[in-house]
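Given next are the chains, with one letter for each unit.
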Amino acid sequence: MEKIKSLKKTFPEICIENISAAALTTYKTGGNISLAAFPKSEVEVLNILKEIKSLDVKFYILGAGSNVLISDKGFDGVLIVTDKIDKIEFSGLKIKAESGFLWDKLCEESCVRGFAGLEKTSYIPGSVGGAVRMNAGAFGQETFDCLDYFEALELETLRKVKIEKKNINYGYRFVEAVEKYFIISACFSFNKGDSKGLNLTRNEIITKRKEKQPLDYPSAGSVFKRPPGDYASRLIDSCGLKGLRIGGAKVSEKHAGFVINYENAAASDIYALIQKVKKEVFEKTGIMLCEEQIFLGEF
Ligand SMILES: Cc1cc2nc3c(=O)[nH]c(=O)nc-3n(C[C@H](O)[C@H](O)[C@H](O)COP(=O)(O)OP(=O)(O)OC[C@H]3O[C@@H](n4cnc5c(N)ncnc54)[C@H](O)[C@@H]3O)c2cc1C
């Protein structure tokens, strides 16, 4: 606690003590975060990381919080939230955006400019940093399709590095060793397209997502990765698990791949339901689903 107080004292303008995880994540639940830091620039990130290291405090990076479930016991360290690091630059067919810039706004900017390649990933509610970290994607397109490189602070050395796509192993919702970095910005290269067509595709995708996904309830999107040759939602549905509840958490009736915070769910309800779904699907189909979402803290 002394160390947290000391950090708050050193960075009073960017730090908030005792903030609820519910305020920072799209599941809208979870416990107390000892300290949340909201740096506005790379320099502020570097300064706080240096202090965190010298004090030897636990920390975690959070973008828009749309793929993370934080425990009801909270996180007794520093959550560094990127949403204020959000500049964007355009040059030719390239867009360079800072990590906290919202992914969907990047998609919108690309479509308006007639830049093709990521339009089908519209409406993913994360940040640029989160999209790179997860290789987020939808409808056959993914972040790494257009990524050129990302710039980051290497967490072990706090050195600034530039990681080019060709030098990193990645795949479906997977980027090798990415947790070694604090992503500061990412640069994307697009193909020349037609803005009218791209905006049309973008709008169709948004309509489809609103029709098919339970966006009226807090969630973190699809809980599980797609198993080879199938869909997690199809398997969950085929096991009769739609509507299954534990406490305030529920398997969405609209999209079986989503666990929703239906009624004041505790993080432990959501976690327990995810584990139950996984177990039942395995018992009935022999397929072990693998979570795409990240669990922070003790469950
Ligand atoms: C309604 C809904 C629909 C969704 N649909 C999709 C979909 O179609 N496709 C899809 O792929 N995902 C989807 N998601 C999940 C989520 O939006 C994506 O995974 C998104 O990319 C996460 O970004 P974020 O900024 O919210 O990351 P967070 O949830 O904040 O963090 C996710 C991970 O990224 C790390 N991270 C974040 N920023 C940085 C950074 N700057 N440097 C280093 N690490 C960082 C965090 O530490 C954490 O490990 C959906 C979620 C919701 C709520």
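What counts, and where the lines are drawn
Residues numbered from 1 in each chain as written. Predicted model: local features only at pLDDT ≥ 70, side-chain atom pairs only at ≥ 80, totals over all residues. Heavy atoms only, no water. Helix = DSSP H or I, 4+ residues; strand = E, 2+ residues; numbered from the N terminus. Rg over C-alpha atoms; globule rule 2.2 N^0.38 Å. Contact = heavy atoms within 4.5 Å. Areas by Shrake-Rupley, 256 points an atom, 1.4 Å probe, with all protein chains shown as cover. Near = heavy atom within 4 Å. Polar contact = N/O pair within 3.5 Å; in protein donor to acceptor, adjacent residues only side chain to side chain. Buried < 20%, exposed > 50% of the residue type's maximum accessible area, 1.4 Å probe, protein only. Core = buried A, V, L, I, M, F, W, Y, C linked by side-chain atoms within 4.5 Å. Pairing = 2+ DSSP bridges. Axes fitted to C-alpha atoms, helices over the stretch in contact; angles between N-to-C directions. Domains from an automatic or database assignment. Buried area = accessible area lost by both parts, 1.4 Å probe. Salt bridge = Lys/Arg side-chain N within 4 Å of Asp/Glu carboxyl O. Nonpolar A, V, L, I, M, F, W, Y, C, P; charged D, E, K, R; others polar.

Caption draft 1: Structural detail: the overall build of the protein chain. Regarding its fold elements, the protein chain presents 8 helices and 20 strands. For the protein chain, whose C-alpha radius of gyration is 19 Å, the value lies close to the compact-globule estimate of 19 Å for 299 residues. Sequence-distant contacts in the protein chain: of pairs separated by 6 or more residues, those separated by 24 or more amount to 65%. For the protein chain, the exposed surface amounts to about 13,900 Å²; the carbon and sulfur share of it is 50%.

Caption draft 2: Examining the site of the ligand more closely. Around the ligand lies a shell of 37 residues, among which Ile-61, Gly-63, Ser-66, Ser-127 and Gly-137 are the nearest. In this structure, Gly-65 approaches the ligand through a main-chain N or O atom, which is 2.9 Å from an oxygen atom. Between the ligand and Gly-130 there is a distance of 3.5 Å, counted from an oxygen atom to a backbone nitrogen or oxygen. Protein contacts shield 95% of the accessible area of the ligand, which totals 970 Å² for the unbound molecule.

Caption draft 3: How the structure looks around unusual backbone geometry. Phi is positive for Lys-28, close to 55°, though the residue is something other than glycine. Along the chain, the position of Lys-28 falls in the loop between strand E1 (15-20) and strand E2 (32-37). Owing to a relative accessible area of 49%, Lys-28 belongs among the partly exposed residues under this scheme. At Arg-173, a position not held by glycine, the phi torsion is positive, near 50°. Position of Arg-173 among the secondary structure elements: in the loop between strand E13 (170-171) and strand E14 (174-175). Residue Arg-173 is classed as buried on the basis of its relative accessible area of 14%.

Caption draft 4: Focus on the nonpolar core. The biggest cluster of nonpolar side chains holds 29 residues, and the ones touching the most others in it are Trp-103, Leu-106, Val-128, Val-132, Phe-150, Phe-188 and Phe-190. If you tally residues by element for this core, the top one is strand E15 (residues 181-189), at 4 residues. Residues Leu-69, Ala-220, Ala-256 and Val-281 belong to the second largest nonpolar core, which totals 22 residues.

Caption draft 5: Quick peek at the environment of Ala-64. By the secondary structure assignment, Ala-64 is in the loop between strand E3 (59-62) and strand E4 (68-70). Its relative accessible area of 28% is what places Ala-64 among the partly exposed residues. In this structure, the C-alpha to C-alpha distance between Ala-64 and Val-161, residues 97 residues apart in sequence, is 23 Å. In this structure Ala-64 touches Leu-24, Thr-26, Leu-102, Pro-125, Gly-126 and Ser-127, once residues within four positions along its chain are discounted.

Caption draft 6: Focus on the sheet that holds strand E5 (residues 75-81). Spatially, E1-E2-E5-E3 is the arrangement adopted by the 4 strands of the open sheet, whose pairing is mixed. Every interior strand has two partners, whereas the edge strands, E1 and E3, have only one. Strand-to-strand twist of the sheet, defined as the mean angle between neighbouring strand axes without regard to direction, takes the value 35°. Here E3 pairs with E5 via 4 bridges, running parallel.

Caption draft 7: Examining the domain arrangement of the protein chain more closely. The domain boundaries assigned to the protein chain delineate domain 1 (2-81), domain 2 (88-211) and domain 3 (214-296). Three residues stand out in domain 1 for area buried against domain 2, namely Glu-42, Lys-53 and Ile-61, and they jointly supply 38% of the buried area on that side. In this structure, Glu-42 and Lys-160 form a salt bridge, with 3.0 Å as the shortest nitrogen-oxygen distance. Within the residue set of the side of domain 1 that touches domain 2, elements represented by two or more residues are helix H2 (42-55) and E3. For the side of domain 1 that touches domain 2, the element with the most residues is H2, which contributes 6 residues. Split by residue class, the side of domain 1 that touches domain 2 holds 7 nonpolar, 3 polar and 3 charged.

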